[in-house]
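Understanding the architecture of this molecule
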Amino acid sequence: MQWHAQFAWLGDGVAADVLIEADGERITGIAAGVPRPPAAQHLPGLTLPGLADAHSHAFHRALRSRVQAHSGTFWTWREQMYTVADRLGPDSYRALATAVFAEMALAGISCVGEFHYLHHRPGGAPYADPNAMGEALIAAASDAGIRITLLDACYLTGGIGRPLKGSQLRFGDGTAGNWARRVDTLYEQTDKAGRLHARVGAAIHSVRAVPREQLRAVASWAKEHRAPLHVHLSEQPAENEACLDAYGMTPTRLLAEAGALGALTTAVHATHLTDEDIGLLGTTMTGVCMCPTTERDLADGIGPARALANAGSPICLGSDQHAVIDLFEEARAVELNERLRTRARGHWTAGELLAAATSNGHYGLGWPEAGRLEPGAYADLVTVDLGSVRTAGAGPGHAAEAAVFAATSADVRHVVVSGRPIVHDGRHLLVDDVPAALTRAVTAEEPD
């Protein structure tokens, strides 16, 4: 396969007339400044590596617009989320997730990190296949044509020292040992089945949901399997206060004590950190996933993204609860939030923010061979229109800035994942009528 990009972001800048060649899933050649061969598909606009949505809860998409109709807090939002969770089974979850992942593909996302904790039947009894819900998500990613890292979350308590109750009973495995045995099966099944689009990682839901004495077991599973480990960290001040009261230390320090930090770990949100927390995350090269649209939608606060990056933490991006699915919006919000916090401009370059949306996210999801336009990388291409009402007039010298600071997901025209066309001229090639699929899936599970 050959593609000829009018412009392409090659990691260190934008080049013109870029010929991209692939054999199967991988790029075999990149050359800039060459005429278009007759057989090459023309890609007008700016071509980027595939985007990585490093933090997703697919079923939260059913909350969009509904939770914005009321005031409240993170904790009142959570009760509405539980109501949606109660209505899903493997078949309905696959339908919903397929539509959500198709929406992601239309937004230029080639890989998703699905932070998965909706494991069992209502009431907590396992399905005949204990991983039926995880299998539904893996199948949904295939249906939508994108890759997935299923981050299977250990979720054992309803708060520090409090048992699971109500809707939370679906999330729990009783102990970290039980969780590990279930995830071992999923890991082995995924490997044996040759699902090339899927990898299995681990997640600690939070220090609220995994007791101190069980954290190390989850971290050890991830290290043994060389798998990504993700964790919600310090999203709420109440989480920090509860951890300090129970253990005499911050959640970050508690995770460090358990051996849960490191280059294969990604902390999600990391909003309310001390200077010591930032140092611990940075010196261990723990990644941090910022989810600005969720963090502002839930009134969580603005995390110290620039300080974390300066300390050594790679920054990636996630759409989390899917109030919108638009990684360009997430990328620019990292910079704009910092401007609001400091009342100064220019904390991040467009190139740094594109790396957060591409290579950094793929690395944090366990796909280091993706997220770059270079030989040997996965042939994941996303072409952004430079002639829309949002991007017109930028010129090639500012194409990267146009993508980050002006474009939206609606400007994505073409998407290729592992050498396979998934979106052409803004139309999904595998899921017919994505808005209709979303409507069917969301309204079928709509709370009363």
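What you see is a predicted model; the values in this text were computed from it and never measured. (Residues numbered from 1 in each chain as written. Predicted model: local features only at pLDDT ≥ 70, side-chain atom pairs only at ≥ 80, totals over all residues. Heavy atoms only, no water.)

Focus: the overall build of the protein
Going by this rule: Numbering of helices and strands runs from the N terminus; a helix is a DSSP stretch of H or I covering at least four residues, while a strand is a stretch of E covering at least two. Here the globule rule is a power law, 2.2 Å times the number of residues to the power 0.38, and the radius of gyration is based on C-alpha atoms. Accessibility here uses a 1.4 Å probe with only protein chains present; expressed as a share of the type maximum, an area under 20% marks a residue as buried, one over 50% as exposed, and anything in between as partly exposed. By definition in these notes, contact holds between two residues if any of their heavy atoms fall within 4.5 Å. The Shrake-Rupley method, run with a 1.4 Å probe sphere, supplies the accessible areas, and residue values consider only the shown protein chains as cover. The sign given to each residue is positive for Lys and Arg and negative for Asp and Glu; His and the chain ends receive no count. Every charge is mapped onto a representative atom, which is NZ of Lys, CZ of Arg, CG of Asp or CD of Glu.
Along the backbone of the protein there are 15 helices and 18 strands. Taking 22 Å as the expected radius of gyration for a compact globule of 448 residues, we find that the protein reaches 21 Å, a close match to that expectation. C-alpha extents for the protein along the principal axes are approximately 65 × 50 × 45 Å. Within the protein, the proportion of its 448 residues that are buried is 59%. Within the protein, contacts between residues separated by at least 24 positions form 73% of all contacts whose residues are at least 6 apart in sequence. Accessible surface, the protein as shown: approximately 16400 Å² in total, 52% of it carbon and sulfur. Side chains of the protein give 37 positive and 51 negative charges; the mean places of these two sets differ by 1 Å.

Side note on the nonpolar core
Counted only if it meets this: Take the buried Ala, Val, Leu, Ile, Met, Phe, Trp, Tyr and Cys residues and link them wherever side-chain atoms come within 4.5 Å; each set so joined is a nonpolar core.
Formed by 134 residues in total, the largest nonpolar core has its most connected members in F59, F101, I148, I204, W221 and L255. Excluding residues within four positions of it along the chain, F101 makes contact with S56, A58, V112, E114, L137, A140, A141, A144, I146 and I148. Listed in part, the 13 residues of the second largest apolar core include A5, I20, A22 and L381.

Section: unusual backbone geometry
In the Ramachandran plot, A299 falls in the positive-phi region, its phi being about 60° despite a non-glycine side chain. Within the fold, A299 resides in the loop between α9 (292-297) and α10 (305-311). Of the residues examined, A299 reaches a relative accessible area of 65% and is grouped as exposed.

Focus on the sheet that holds strand β6 (residues 109-116)
Put simply, the rule is: Note on pairing: two strands pair once DSSP finds at least 2 bridges between them. Only the contacting stretch of a helix is used when fitting its axis, a line to C-alpha atoms as for every element, and angles between N-to-C directions run 0 to 180 degrees.
An order of β5-β6-β7-β10-β11-β12-β13-β14 is seen for the eight strands of this open sheet, with the pairing classed as parallel. Looking at strand neighbours, the two that pair on one side only are β5 (51-56) and β14 (315-317), the edges of this open sheet. Looking at each pair of strands side by side, their axes are set apart by 25° on average, direction ignored. With five bridges connecting them, strand β11 (residues 229-233) and strand β12 (residues 265-269) associate as parallel partners. Pairing of H230 across the sheet is with T266, part of β12. The strands touched by helix α2 (residues 90-106) are β5, β6 and β7 (147-154); relative to β6, the strand with the most contacts, the crossing angle is about 140°.

Digging into the state of the cysteines
Put simply, the test is: The definition used for a disulfide is geometric: two cysteine sulfur atoms within 2.5 Å.
Scanning the model with the defined rule gives zero disulfides in all. Distance from the sulfur of C243, which forms no disulfide, to the nearest cysteine sulfur (C154) is 16 Å. Looking at C289, it has no disulfide partner, and the nearest cysteine sulfur is the one in C291, 4.0 Å off.

Regarding the packing of aromatic side chains
Operational definition: When the centres of two rings from Phe, Tyr and Trp lie within 6.5 Å, Trp using its six-membered ring, the rings pair. Their planes under 30 degrees apart give stacked, over 60 give edge-to-face, and anything left gives tilted.
This model, assessed by the stated rule, comprises eight aromatic pairs. Aromatic pair F59 and Y93: ring centres 6.2 Å apart, planes at 75°, arrangement edge-to-face. Residue F59 is found in the loop between β5 and α1 (74-85), and its partner Y93 is found in helix α2; the two are separated by 34 residues along the sequence. Pair check on accessibility: F59 and Y93 agree, each one buried.

Re the pattern of salt bridges
To keep things clear, this is the line we draw: Here, a salt bridge means any side-chain nitrogen of Lys or Arg that lies within 4 Å of a carboxyl oxygen of Asp or Glu.
Using the criterion set out here, one finds 20 salt bridges in the structure. When the shortest N-O distance is used, the salt bridge between R306 and E352 registers 3.4 Å. Residue R306 is found in helix α10, and its partner E352 is found in helix α12 (residues 350-357); the two are separated by 46 residues along the sequence. R306 sits in the buried class, given a relative accessible area of 15%. Sharing partners across several salt bridges, the network here consists of R26, R199 and E369.

Comments concerning the environment of G29
Structurally, the position occupied by G29 is in strand β3 (residues 26-31). G29 sits in the buried class, given a relative accessible area of 13%. In the structure, G29 is positioned 314 residues away from R343 in sequence and 44 Å away in space, judged by C-alpha atoms. Every residue in contact with G29, bar those within four places of it in the chain, is listed here: L19, I20, E21 and P375.

Let's talk about helix α6 (residues 237-247)
What sets the pattern is the α-helix's 3.6 residues per turn: residues three or four places apart point alike. Condition: Throughout, the arc means the angular range of directions from the helix axis out to the C-beta atoms.
For α6, every residue scored as buried is listed here: E239, N240, C243 and Y247. The buried side chains of α6 occupy one side of the element, clustering within an arc of 100° when seen end-on. If you follow the buried residues of α6, they end up packed against α5 (212-224), β11 and α7 (251-257). Phi turns positive one or two residues past the end of α6, at G248, with a value near 75°.

Topic: the pairing of β7
What counts here: With the strands aimed away from the viewer, a crossover counts as right-handed if its path from the first strand over the helix to the second runs clockwise.
For β7, the buried fraction is high: eight of the eight residues fall into the buried class. Across the two faces of β7 the burial is the same, with R147, T149, L151 and A153 and I148, L150, D152 and C154 all buried. Assessed by its sense of winding, the connection that carries the chain from β6 through helix α3 (residues 132-144) to β7 is right-handed. Relative to strand β10 (residues 198-204), β7 runs parallel, the two being bridged by seven bridges. Across the sheet, the residue bridging to A153 is A203, located in β10.

Focus on the sheet that holds strand β2 (residues 14-23)
Across the sheet, which stays open at both edges, the eight strands sit in the order β3-β2-β1-β4-β15-β16-β17-β18 with mixed pairing between neighbours. Two strands bound the open sheet, and with one partner strand each, they are β3 and β18 (427-428). In terms of strand pairing, strand β17 (residues 420-424) meets β18 through two bridges, oriented antiparallel. From the neighbouring strand, V423 faces β18, where its bridge partner is H428.

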